[in-house]
2 protein chains.
Amino acid sequence: MPALTLRRAAARAGVSHAAPAHHFDGLPGLLTAIAARAFQIFADTMEAASTAAGPDPFARLVGLCDGYLAFASQHHGLFHVMFVSPEVDRDDPALTPHSARAYLLLRATCLPFAAPDATEDAVLETAVWSMVHGYASLTFNTNQGKRRSYVLAPDFAALLKELFAARRGQ
Amino acid sequence: MPALTLRRAAARAGVSHAAPAHHFDGLPGLLTAIAARAFQIFADTMEAASTAAGPDPFARLVGLCDGYLAFASQHHGLFHVMFVSPEVDRDDPALTPHSARAYLLLRATCLPFAAPDATEDAVLETAVWSMVHGYASLTFNTNQGKRRSYVLAPDFAALLKELFAARRGQ
DNA sequence: CACAGCGCCTTGACACTGTCAAGCAAATCC
DNA sequence: GGATTTGCTTGACAGTGTCAAGGCGCTGTG
């Protein structure tokens, strides 16, 4: 049984069993609305962690990724809805502004490391985005409540240093 | 409605509606058995792509990751069961040998790039593992059948070159 | 050979799910 | 003031996983 159910949400809200389906236009609509709100909190978390990290560009990027991972660790139900749930319509105009804001935040934080030729920064930001998302997916993917069996030992900051090894000296 | 259903599997197999649940000990058991078989195919795909890439260590790693991404792209239902489905028991002794084989394959392919101090290779293999998994998750995550809205433009090989920029000259 | 044990499946039921059609009451609009 | 829209309720339906009970045939044993 899924963790979120239209009928249980209705019972908790004290309305009839079909009210949520009517209000949100079915289960996909409810999940899409949840994803939109979650992306908002997600972007807020990353932004706060990044600005709290001070002025150094690399420290800001580490902070941003820490915010990413903190969100995935603390709200991994929302994380699942945002990135995995097949029911949500990720092109919904109520959702795209917030997901775009999260992505642009990462893009902006990667900008100080852009290479002279303009094409390579897309490579770099995609590398960071993929790495932090994969790290989060592999680390915080719960297995019926308990952690994953093959843990990923190193801190993410170590991976980031590895990726930026050639660039940081610039 | 989920894509896989005990009752539809029973109908397709021509048995009674409760036979699969009895045989596999419930839906989690069926999904775990599927995941075990999928990890087998997954490891085979990566191994074949890696050995087909020739003797150069970096080419072999690119090949392995191409195999990873090819599998995720072609069998993303299996990919979902392997890494996402909350019902599968990823510590099941029928599953762990195959998932471990896949991981050790990646580990072995990263070994030629290990640093002199023995701890850093875990960082490197975790970086590759996270990056390729995140890239696959973000790229091939279907949205009701159609591709994701925010596509990741660069090829994965470019990301890998970025990660190994400081090492390849060795 | 007879028979108990057992593995594999079937049958039937139960609680629960999302979705839909019909209806109803209140607010809104012309 | 009547028509229309909006938001919810009610009731039904098909479909789901799971469980208990039972049957049927094989197997091993006396």
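Just above, that's the structure.
Since we're looking at a predicted model, the values are computed, not measured.

Chemist: If you had to explain the side chain of A:Glu125 to someone new, which residues and values would you point to?
Modeler: All names here are of chain A. Mapped onto the secondary structure, Glu125 falls in helix α7 (residues 120-140). Judged by its relative accessible area of 3%, Glu125 is buried. There is a polar contact of 2.9 Å between the side chain of Glu125 and the side chain of Tyr103. With residues near it in sequence (within four places) discarded, Glu125 still touches Tyr103, Leu106, Arg107 and Cys110.

Chemist: Could you give an account of the protein's contact with DNA strand D, naming the residues involved and the relevant values?
Modeler: Taken together, the neighbourhood of DNA strand D is formed by 18 residues, with A:Ser16, A:His17, B:Leu6, B:Arg7 and B:Leu27 sitting nearest. The sugar-phosphate portion of DNA strand D accounts for 46% of its atoms within 4 Å of the protein, the bases making up the rest. Here a base oxygen of DNA strand D and a side-chain polar atom of A:His17 are 2.9 Å apart. Side-chain polar atom of A:His23 to a phosphate oxygen of DNA strand D: 3.4 Å apart, as the coordinates give it. For the surface near DNA strand D, the residue count by class is eight nonpolar, seven polar and three charged.

Chemist: I'd love a proper account of the pattern of salt bridges, names of residues and values included.
Modeler: Per the counting criterion, the structure on display carries six salt bridges over all chains. Ionic pairing is found between A:Arg107 and A:Glu125, a salt bridge with its closest N-O pair at 2.5 Å. Here A:Arg107 is found in helix α6 (residues 96-110), whereas its partner A:Glu125 is found in helix α7, with 18 residues between them in sequence. What makes A:Arg107 partly exposed here is its relative accessible area of 37%. Close ionic contact of B:Glu47 with B:Arg101 constitutes a salt bridge, the shortest N to O distance being 2.9 Å. Of this pair, B:Glu47 sits in helix α3 (residues 27-51) while B:Arg101 sits in helix α6 (residues 96-110); the two residues are 54 residues apart in sequence, bridging distant segments of the chain. Residue classification places B:Glu47 among the partly exposed positions, given a relative accessible area of 35%. A single network of salt bridges, built from pairs that share partners, joins A:Asp44, A:Glu47 and A:Arg101.

Chemist: Requested: an account of the protein's contact with DNA strand C, with residues and values cited.
Modeler: Inspection of the region around DNA strand C gives 18 residues, with A:Leu6, A:Arg7, A:Leu27, B:Ser16 and B:His17 positioned closest. Each atom of DNA strand C within 4 Å of the protein was classed as base or backbone; sugar and phosphate made up 47%. Here a phosphate oxygen of DNA strand C and a side-chain polar atom of B:Ser16 are 2.5 Å apart. Taking B:His17, its side chain carries an N or O atom lying 2.9 Å from a base oxygen of DNA strand C. Broken down by secondary-structure element, the contributors of at least two residues to the surface near DNA strand C are α1 (6-13) and α3 (27-51) of chain A together with α2 (19-24) of chain B.

How each quantity is defined
Residues numbered from 1 in each chain as written. Chains lettered and ligands numbered in written order. Predicted model: local features only at pLDDT ≥ 70, side-chain atom pairs only at ≥ 80, totals over all residues. Heavy atoms only, no water. Helix = DSSP H or I, 4+ residues; strand = E, 2+ residues; numbered from the N terminus. Buried < 20%, exposed > 50% of the residue type's maximum accessible area, 1.4 Å probe, protein only. Polar contact = N/O pair within 3.5 Å; in protein donor to acceptor, adjacent residues only side chain to side chain. Contact = heavy atoms within 4.5 Å. Near = heavy atom within 4 Å. Nonpolar A, V, L, I, M, F, W, Y, C, P; charged D, E, K, R; others polar. Salt bridge = Lys/Arg side-chain N within 4 Å of Asp/Glu carboxyl O.

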